[in-house]
Amino acid sequence: MSGQRVDVKVVMLGKDAVGKTSLVERYIHHRFLPGPYQNTIGAAFVAKAMCVRGQNVTLGIWDTAGSERYEAMSRIYYRGARAAIVCYDLTDSSSFERVKFWVNELKNCEDQCQIYICGTKSDLVENDKALRQIDYHDVQDYADEINARVCETSSKTGQSVGEYVHTHVSIEILNISTEMWKLAMLFLQYPCDKLPSQYASLTCIHQNLPAGFRQSHLMGKHWPEIGETT
Ligand SMILES: Nc1nc2c(ncn2[C@@H]2O[C@H](COP(=O)(O)OP(=O)(O)OP(=O)(O)O)[C@@H](O)[C@H]2O)c(=O)[nH]1
């Protein structure tokens, strides 16, 4: 669907009507379209070129349909994703159950994909605290268990949207890539357990890598460079 180069593939997942399309709309076009809710059919693709710390990068965002009817199709779209923004509606506890479903899928099938858990419609809970059905700290605890990041956003007001995607998704992913690259170079020179002490911070990243990745990728068999199409 996208003939263009994509450096970082990002997939939006989550129950229907949680606000995935609105989040993309806010991020790409800086607007919120209030009209009647129109469910996504299949998936939509949008690309965004950006400059992150001097590097030109194209994010390719796949906005999947939340309806369970399209579940099989959504699986196709998370293949090879570097990041998944798994959304839930802060006013709908059932949408958080769906987050757990997608997280399990990603952990089983795409263990190199960084997971971002995004609570949507924060404007609603700010206006009326009684509407909140999911406690932030519960989500944070869950995110810690699965090594994910958390954020609460509002596409209506724009709260945290651009900042979240730019700071966390693009910069973080690129940083990790850069650090992984340095690590790969190091591990070619030193046995894994004998890294010089000044690289201690890098070993933290190493410890956080998925096990299979550590074994097969770090030793230089395949190392995706920033800029390689995924
Ligand atoms: N108040 C408020 N409403 C929102 C916000 N984001 C989305 N909505 C509303 O929630 C409804 C669903 O939004 P969508 O962005 O279409 O949801 P979706 O997750 O893409 O839905 P599917 O395509 O079915 O998966 C729409 O009526 C939006 O206007 C928000 O931040 N605040």
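Residues numbered from 1 in each chain as written. Predicted model: local features only at pLDDT ≥ 70, side-chain atom pairs only at ≥ 80, totals over all residues. Heavy atoms only, no water.

As annotated in an unreviewed UniProt entry, the chain is Ras-related protein Rab-24 from Leptobrachium leishanense. In the Cofactor (unreviewed entry) part of its UniProt record, the chain is described as follows: "Mg(2+)". Under the UniProt heading Sequence similarities (unreviewed entry), the entry covering the chain gives this text: "Belongs to the small GTPase superfamily. Rab family." (UniProt positions renumbered as here; feature names shortened; annotations may be inferred.)

Undergrad: So what about the site of the ligand? Which residues, and what values?
TA: In the vicinity of the ligand lie 20 residues, with Lys20, Ser22, Tyr37, Thr40 and Gly66 positioned nearest. Between an oxygen atom of the ligand and a main-chain N or O atom of alanine 17, the distance comes to 3.0 Å. The fraction of the free accessible surface of the ligand (650 Å²) that becomes covered by protein chains is 89%. Among the detected pockets, the ligand sits in the second largest pocket. (Near = heavy atom within 4 Å. Polar contact = N/O pair within 3.5 Å; in protein donor to acceptor, adjacent residues only side chain to side chain. Areas by Shrake-Rupley, 256 points an atom, 1.4 Å probe, with all protein chains shown as cover. 1 Å grid on protein atoms, 1.4 Å probe; cavity = no way out; pocket = protein on both sides within 12 Å on 5 of 7 lines; lining within 4 Å. Sits in = over half its atoms within 2 Å of the grid points.)

Undergrad: Could you give an account of helix H1 (residues 20-29), with specific residues and numbers?
TA: Most of H1 sits inside the fold, with 7 of its 10 residues counted as buried. All of the buried residues along H1 are Lys20, Leu23, Val24, Glu25, Arg26, Tyr27 and Ile28. Taken from the residues just after H1, histidine 30 is the one with a positive phi, measuring 55°. (Buried < 20%, exposed > 50% of the residue type's maximum accessible area, 1.4 Å probe, protein only. Helix = DSSP H or I, 4+ residues; strand = E, 2+ residues; numbered from the N terminus.)

Undergrad: Describe the pairing of strand E1 (residues 8-14), and please don't skip the residues or the numbers.
TA: Of all 7 residues that make up E1, 7 are buried, and the element is covered over most of its length. Here E1 shows a buried face lined by Val8, Val10, Met12 and Gly14 and a second buried face lined by Lys9, Val11 and Leu13.

Undergrad: Account for a negative patch on the surface, naming residues and giving values.
TA: On the surface, a cluster of negative charge is made up of Asp135, Asp138, Asp141, Asp144 and Glu145. For aspartate 135, a relative accessible area of 35% translates into the label partly exposed. (Patch = residues over 30% accessible without salt bridge, like charges linked within 9 Å, V, L, I, M, F, W, Y side chains within 5 Å. Salt bridge = Lys/Arg side-chain N within 4 Å of Asp/Glu carboxyl O. Lys, Arg positive; Asp, Glu negative; His and termini not counted. Charge placed at Lys NZ, Arg CZ, Asp CG, Glu CD.)

Undergrad: Can you lay out the packing of aromatic side chains for me, pointing to particular residues and giving the numbers?
TA: Applying the stated rule across the entire model yields 6 aromatic pairs. Consider the rings of phenylalanine 45 and tryptophan 62, whose centres lie 4.8 Å apart with planes at 50°: the pair is tilted. Remark: tryptophan 62 occurs in strand E3 (residues 55-64) and phenylalanine 45 occurs in strand E2 (residues 43-52); sequence separation between them is 17 residues. This pair shows no difference in class: phenylalanine 45 is buried, exactly as tryptophan 62 is. With a centroid separation of 4.9 Å and an interplanar angle of 25°, the aromatic rings of tryptophan 62 and tyrosine 77 are classed as stacked. Of this pair, tryptophan 62 sits in strand E3 while tyrosine 77 sits in helix H2 (residues 71-78), and the two are 15 residues apart along the sequence. The class of tryptophan 62 is buried, set by a relative accessible area of 12%. Arginine 98 extends its terminal NZ or CZ atom over the ring of phenylalanine 101, reaching a point 4.2 Å from the ring centre. Above the face of the tyrosine 142 ring, lysine 100 is positioned so that its terminal group lies 5.9 Å from the ring centre. (Phe/Tyr/Trp six-rings, centres within 6.5 Å; stacked < 30°, edge-to-face > 60°. Lys NZ or Arg CZ within 6 Å of the ring centre and 35° of its normal.)

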